[in-house]
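Each chain, letter by letter, is given below.
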Amino acid sequence: MADGLTTAGVSRPTPSRARWRARYRVVPWWVRITVVYVLARIVTGVMLQAFASVQAANSFTVQHPAYLSFASIWDGAWYRVIATGGYPSTLPVDAAGHVTENAWAFMPAYPFLVRGLMLLTGASFELVAVSVSLLAGLGAALVFRRLMGRFLDPARATFATVLLCVSPVSAMFQVAYAESMGLFLLIVALLLMVDRRWWTMLPVVLLLGMTRPTGLAFALLVVLFLGAWFIRPAWVRSSEPLTLRRFVPPAVVAVVSGLVGLAWPAIAWAATGVPKAYTDTELAWRSSYIGWQELVPFAPWVQGFGWWFGQPAGGVLLALVVVAFAVFVCMPAARRVGLELRLWGIAYVVYLLAVFFPQSSTWRILMPIAPLLGIVALPRSRVYRVAVVVAFVGMQWVWLYYTWWVDGYDWTPP
C-alpha cells in the first residue's frame, strides 16, 4: 500500500505529517498569529530599510536616514507637530486667502496618546509613535483572527489574518501613522457588533471616531444593519423580529457614532473661529489637482477620475470600479463572511465616494475594508494561497516605491 493512502485509495496524512499537525494544533492560535505578524513586520522592515539606504536628503529626513526617522515621514511629520505643539488656533492661508495644509486634517487620539507616552517615558516621538503602531497592529491581527473565526473555519480564518499581515499597505503597522490604531479599534467594534454587545461598543466607537474619520461610515453601517434586520431577521442570523427593545441599543450606537463623526469639524470650528476649518483644510490637499473648489458630496471621485483619466473615460472607469466592488461583496461566496462585514465594506466605500478625492493615498485609505479579506481567503488551494501571499508582498514593494520613498519632488504621498 502506498505511503499516506488507505486501502480505498483515499489520501490520509503520513505519520510524520500527522505528528506535525498534532504539534501545530497544540500551539495556541494567538501564538501562531503573533509569529506570523512578527515575521511579516520583519519582511516589511527589510523593505523599508532598503529604501532608507538609498533615500536622498529631503524635507523630512537627512540622507540615508535610520529606520525610525524614515518610518516617521509624510503624515508622521504632522503627527509629530500635533504631539509636540498641538493644533493651531489660527488657520494658515495663502496669498489668495485659501486655507493651506495644516494639522486640523488629523484626528487627535493617536498623537495625543503618543504625546502622553512621550511624557511618561521620555522617549522620542519616532520611537513612541512607531511602537504604538506596532503594538496596535498586533492587537488588530489578534482581534481580526477572532472576528474571522466567527464566520470561517480555523484554517481560513488564520489565512485571512496572514493576508492582513502581509497586505500591500501593511507597512502602516510599523510607521508613525494612525491607521494601525484605527484598524485595531474598528475590528474590535465590528467584533462587538457581531456578538451584539452594543453598549460595550460605545467607548470603542467614541475613540475610533477620534482616531480616524470613520464615525459617519460606522453610523451608516448600523443603519443598514437595522434595515436588514427589519426586512428579514434571518439576514442578520436572528430568529427574532426587530422590536423596539432590540432597536434601541444599536440605534444609540448609530447616533453616537454619527455625532462623533461630526464632532471634529465642530471642534475645529470652535478652536479657530472658522466654520469650515476642517473641510477647508481637507480641500487644501486636493487643490494641487483640481484647484480650489467647494466640497460637493459624491463629486470628488468624478472629479478625481476625470483628472487622472480624462472624460468620458474617467466616468466609465469609475462606474466599472463601483460595479466590480458591488459584485465582489454580493457574490454568493461573499456571504460566508457575514452580513455585518459586507455592510461595513459598503458603508465605508459609500462614505469615501461622498467625501474623499482619489489620489496616491487611496490605497492606504482603503485599509479599513480589510475584513473583506475573509472573502479572498476562501479558496483552499495551496497554490492559490502561496500566490496571493507572494503577490501581496510584491505589491508592498511597489507601494513603498511609488509612495513612501521620497523621490525628488514627490507628489505621491502615501
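In what follows, the structure referred to is the one given above.
The present account deals with the structure reproduced in this document. (Residues numbered from 1 in each chain as written. Predicted model: local features only at pLDDT ≥ 70, side-chain atom pairs only at ≥ 80, totals over all residues. Heavy atoms only, no water.)

**Quick word on the overall build of the protein**
Helices and strands together make up the secondary structure of the protein, namely 19 helices and 0 strands. Taking 22 Å as the expected radius of gyration for a compact globule of 414 residues, we find that the protein reaches 23 Å, a close match to that expectation. Principal-axis analysis of the C-alpha atoms gives the protein an extent of 85 × 60 × 55 Å. Counting over 414 residues, the protein shows a buried share of 50%. (Helix = DSSP H or I, 4+ residues; strand = E, 2+ residues; numbered from the N terminus. Rg over C-alpha atoms; globule rule 2.2 N^0.38 Å. Buried < 20%, exposed > 50% of the residue type's maximum accessible area, 1.4 Å probe, protein only.)

**Observations concerning helix H5 (residues 109-121)**
The terminal C-alpha atoms of H5 lie 18 Å apart, and with 13 residues this matches the ideal 18 Å at 1.5 Å per residue to within 8%. Residues of H5 that are buried include every one of Ala-109, Tyr-110, Pro-111, Val-114 and Met-118, and no others. After H5 finishes, the residue Gly-122 shows a positive phi value of roughly 75°. (Expected span 1.5 Å × (residues − 1).)

**Quick word on unusual backbone geometry**
Here the residue pair Gln-311 and Pro-312 is connected by a cis peptide bond, since its omega of 10° sits within 30 degrees of zero. Here Pro-312 shows up in the loop between helix H14 (300-309) and helix H15 (313-330). Located in the positive-phi region is Arg-237, a residue other than glycine, with phi close to 60°. Mapped onto the elements of the fold, Arg-237 is located in the loop between helix H10 (215-231) and helix H11 (244-272). The backbone of Phe-298 sits at a positive phi, close to 70°, despite the residue not being glycine. As for its position among the elements, Phe-298 is in the loop between helix H13 (287-290) and H14.

**Description of the environment of Asp-410**
For Asp-410, the position within the fold is in the segment after helix H19 (382-404). Leave out the neighbours within four places in its chain, and Asp-410 touches Trp-74 and Trp-405. (Contact = heavy atoms within 4.5 Å.)

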